[in-house]
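One-letter residues, chain by chain:
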Amino acid sequence: MSSNPQPLEPWFLELLACPGCEQRHPLTLSESSDALLCKCGRYSFPVRDGIPVLLLEEATLINADAKPEGVA
Ligand SMILES: [Zn+2]
């Protein structure tokens, strides 16, 4: 990737939510800034050219057994 996209701003991340969760879990940027990790621990969403791709079909399933916080 030749471009150097702007880092995602915290306020922008707060507007995003994991489409795989019934609750709106916040997403956190990965250390490499090329993925958004859902707090549910199940999904990782790609960030392409600085644009988060919040589609389940594009998501990487990290841990199907992870339990979101606050869910029994
Ligand atoms: Zn999630």
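Located above this text is the structure these notes cover.
> Could you give an account of the pattern of salt bridges, with specific residues and numbers?
Scanning the model with the defined rule gives one salt bridge in all. The salt bridge partner of E58 is R48, with a shortest N-O separation of 2.8 Å. Taken together, the positions of E58 in the loop between β4 (51–52) and β5 (60–61) and R48 in strand β3 (residues 43–48) put the pair 10 residues apart, joining distant regions of the chain. By relative accessible area, which is 44% here, R48 ends up partly exposed.

> Quick one: what's the story with the coordination of the zinc ion, residue by residue and with numbers?
For the zinc ion, the protein coordination sphere consists of C18 (SG), C21 (SG), C38 (SG) and C40 (SG), at 2.2 to 2.4 Å. Coordination at the zinc ion is irregular: its four donor atoms span angles of 85 to 146° at the metal.

> Tell me about the packing of aromatic side chains, and name the residues and values.
This structure, assessed with the given rule, holds two aromatic pairs. With 5.9 Å between their ring centres and 75° between their planes, W11 and F12 make a pair best called edge-to-face. Residue classification places F12 among the partly exposed positions, given a relative accessible area of 28%. Seen from their ring centres, Y43 and F45 are 6.1 Å apart, and the 40° between their planes marks the pair as tilted. F45 carries the same exposure label as Y43, and that label is buried.

So, how was this worked out
Residues numbered from 1 in each chain as written. Predicted model: local features only at pLDDT ≥ 70, side-chain atom pairs only at ≥ 80, totals over all residues. Heavy atoms only, no water. Salt bridge = Lys/Arg side-chain N within 4 Å of Asp/Glu carboxyl O. Helix = DSSP H or I, 4+ residues; strand = E, 2+ residues; numbered from the N terminus. Buried < 20%, exposed > 50% of the residue type's maximum accessible area, 1.4 Å probe, protein only. Donors = N, O, S within 2.8 Å, 3.2 Å for Na, K, Ca; no water. Tetrahedral: all angles 85-135°; square planar, octahedral: opposite > 155°, others 65-115°. Phe/Tyr/Trp six-rings, centres within 6.5 Å; stacked < 30°, edge-to-face > 60°.

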